[in-house]
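# Descriptive analysis of the structure
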Protein chains: 2
Amino acid sequence: MAGKELLDERQEMGEGPWDPYTRDCPTRQVLDRIGDRWTVLIVGSLSGGTLRFSEIRKTVYGISQKMLTQTLRGLERDGLVTRTIYPQIPPKVEYQLTPAGATLVPLLGSLQEWAKEHMSVIIDARNEYDQSESA
Amino acid sequence: MAGKELLDERQEMGEGPWDPYTRDCPTRQVLDRIGDRWTVLIVGSLSGGTLRFSEIRKTVYGISQKMLTQTLRGLERDGLVTRTIYPQIPPKVEYQLTPAGATLVPLLGSLQEWAKEHMSVIIDARNEYDQSESA
DNA sequence: CGGAATCCATAACGATACTG
DNA sequence: CAGTATCGTTATGGATTCCG
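Now for a description of the structure that goes with this document. In this text, all values refer to a predicted model and were calculated from it rather than measured experimentally.

### Considering the overall build of chain A
In terms of helices and strands, chain A carries six helices and three strands. Going from N to C terminus, chain A has its helices and strands arranged as α-α-β-α-α-β-β-α-α. Evaluated residue by residue, chain A yields a buried proportion of 39% over its 135 residues. In chain A, the proportion of contacts linking residues at least 24 apart, taken out of those at least 6 apart, comes to 39%. Total accessible area on chain A is roughly 7,500 Å²; 53% of this is exposed by carbon and sulfur atoms.

See below:
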């Protein structure tokens, strides 16, 4: 998504291309894909089954039409979502997770679970930190 | 990290505050925390044990001094990392994952594993998509 | 050494208007 | 309905300089 002309120097260190601390390591690639504000929410909304554009828009609170289009295009491009156009008037377009896209769902589950378990502690720590520094 | 004065309308839909499709749901909170380019890489680098500032900088390829400082402060604020200052000249500062921070590590492992398994398929789909549309 | 502060480029995003 | 196009704003992050 960002930077592609930066890869010049280095590249050989650690344990090769899987080394999480080189550029273009898989971790970075994944984060560039799912690390935005909307991707995982859209994948989550599609985890229940096929939805059309306006339905996704309704379930993912606050997303703009532009970001929904853009994010869905990215997911389609990466083979994580299929886009089916029904040539009617008015148009109807359905989105569905591919098998590859579906493998993301459990991962998001873990993410969400972690969030539920640790969120309160994090919020507390944050408030405490903010208080002690504004003193 | 972003938006905090947007929360006004709505807020009551779905199944309450844990509903992933409301604002401020845990999933969004987590993504705002770990969804940037550097957080998980830093957590990963600290998963092996305590490191000092310059050491992290060396292992996380491409990070600027500004972003390292900024990200570490965020992690400290959220109680995921401790910061220990040794009052010497020249200064020495050590960073270490807290127990809460350490619970993030397995999650990152899953992320990385998913990346390794699916990256090639995604790259292929992407290339194919790009080719067929530029035709 | 480990920052803080400033400046600046760009990328992300929202709002709005228009279209097949 | 499901987009595309354009614009303006804000967020993000790099480079540089300075400091205890």
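### Notes on empty space enclosed by the protein
In this approach the atoms are scanned with a rolling probe the size of a water molecule, which exposes any empty space left behind. For the coordinates displayed, the defined rule picks out one cavity of 30 Å³ or more. Each pocket or cavity is described by its volume, and for the largest cavity that value is around 40 Å³. Forming the boundary of the largest cavity are Leu 31, Ile 34, Gly 35 and Leu 111 of chain A together with Leu 31, Ile 34, Gly 35 and Leu 111 of chain B. Residue assignment for the lining of the largest cavity shows that the elements contributing at least two residues are α1 (26-34) of chain A together with α1 (26-34) of chain B. Per-class residue counts for the lining of the largest cavity are six nonpolar, two polar and no charged.

### Considerations on the protein's contact with DNA strand C
Contacts to DNA strand C come from 18 residues, most closely from Lys 66 and Met 67 of chain A together with Gln 65, Arg 83 and Tyr 95 of chain B. A distance of 3.4 Å separates a phosphate oxygen of DNA strand C from a polar side-chain atom of Ser 64 of chain A. The separation between a phosphate oxygen of DNA strand C and a polar side-chain atom of Ser 54 of chain B is 2.9 Å. Of all the secondary-structure elements, those providing two or more residues to the surface near DNA strand C are α4 (65-77) of chain A together with α3 (53-59), α4 (65-77) and β3 (92-97) of chain B. Considering every element that reaches the surface near DNA strand C, the biggest residue donor is α4 of chain B, with four residues.

### Brief notes about the sheet that holds strand β3 (residues 92-97) of chain A
Residue and element names in this part refer to chain A. Ordered in space as β1-β3-β2, the three strands form an open sheet in which the pairing is antiparallel. Looking at strand neighbours, the two that pair on one side only are β1 (51-52) and β2 (81-86), the edges of this open sheet. Across two bridges, β1 lies against β3 in antiparallel orientation. When the bridges of β3 are listed, Arg 52 appears paired with Glu 94. With respect to the sheet, helix α2 (residues 39-46) is in contact with β1, β2 and β3, its orientation differing from that of β3 by roughly 95°.

### A closer look at the pattern of salt bridges
Across all of its chains, the model carries eight salt bridges over all chains by this definition. For Arg 126 of chain B, the salt bridge goes to Asp 78 of chain A, with nearest N and O atoms at 2.7 Å. One end of the pair, Arg 126 of chain B, is in helix α6 (residues 104-133); the other, Asp 78 of chain A, is in the loop between α4 and β2, on a second chain. Here Arg 126 of chain B and Asp 78 of chain A have matching classes, each one buried. Two residues, Asp 130 of chain A and Arg 77 of chain B, come together in a salt bridge whose shortest N-O distance is 2.5 Å. Of this pair, Asp 130 of chain A sits in helix α6 (residues 104-133) while Arg 77 of chain B sits in helix α4, placing the two residues on different chains. Residue Arg 77 of chain B is classed as partly exposed on the basis of its relative accessible area, which comes to 24%. Several salt bridges share partner residues, and in doing so they unite Arg 33 and Asp 78 of chain A together with Arg 126 of chain B into one network.

### Looking at the relation of the copies chain B and chain A
When chain B is fitted onto chain A, the two copies agree to an RMSD of 0.1 Å after a turn of 180° and an axial shift of 0.0 Å. Viewed as a symmetry operation, the transformation between the two copies matches a two-fold axis. Closest to the rotation axis within chain B is the C-alpha of Gly 35 of chain B, separated from it by 2.2 Å. The fraction of interface residues of chain B whose copies in chain A are also interface residues reaches 100%, indicating that both copies meet through the same surface.

### Side note on the pairing of β3 of chain A
All names here are of chain A. Judged by which residues are buried, β3 turns out to be one-sided: Val 93, Tyr 95 and Leu 97 face inward and are buried, whereas Lys 92, Glu 94 and Gln 96, on the alternate face, are not. With six bridges joining them, β2 and β3 adopt antiparallel strand pairing. Each residue of the ladder has a partner; that of Thr 82, found in β3, is Gln 96. In this antiparallel pair of consecutive strands, β2 and β3, the connection spans five residues.

### Remarks on the interface of chain B and chain A
Facing 51 residues of chain B, the contacting portion of chain A comprises 51 residues. Taken together, both faces of the contact between chain B and chain A bury some 5,100 Å²; the carbon and sulfur share is 65%. Joining chain B to chain A, the criterion identifies four salt bridges. The tally of links from chain B across to chain A stands at 12 residue pairs in polar contact (both at pLDDT 80 or more). Elements with a contribution of two residues or more to the side of chain B that touches chain A: α1, α2 (39-46), α3, α4 and α6 of chain B.

Quick notes on the rules
Residues numbered from 1 in each chain as written. Chains lettered and ligands numbered in written order. Predicted model: local features only at pLDDT ≥ 70, side-chain atom pairs only at ≥ 80, totals over all residues. Heavy atoms only, no water. Helix = DSSP H or I, 4+ residues; strand = E, 2+ residues; numbered from the N terminus. Buried < 20%, exposed > 50% of the residue type's maximum accessible area, 1.4 Å probe, protein only. Contact = heavy atoms within 4.5 Å. Areas by Shrake-Rupley, 256 points an atom, 1.4 Å probe, with all protein chains shown as cover. 1 Å grid on protein atoms, 1.4 Å probe; cavity = no way out; pocket = protein on both sides within 12 Å on 5 of 7 lines; lining within 4 Å. Points joined across faces, edges and corners; volume = space filled by probe spheres on them. Nonpolar A, V, L, I, M, F, W, Y, C, P; charged D, E, K, R; others polar. Near = heavy atom within 4 Å. Polar contact = N/O pair within 3.5 Å; in protein donor to acceptor, adjacent residues only side chain to side chain. Pairing = 2+ DSSP bridges. Axes fitted to C-alpha atoms, helices over the stretch in contact; angles between N-to-C directions. Salt bridge = Lys/Arg side-chain N within 4 Å of Asp/Glu carboxyl O. Least-squares fit on C-alpha atoms with pLDDT ≥ 70 in both. Buried area = accessible area lost by both parts, 1.4 Å probe.

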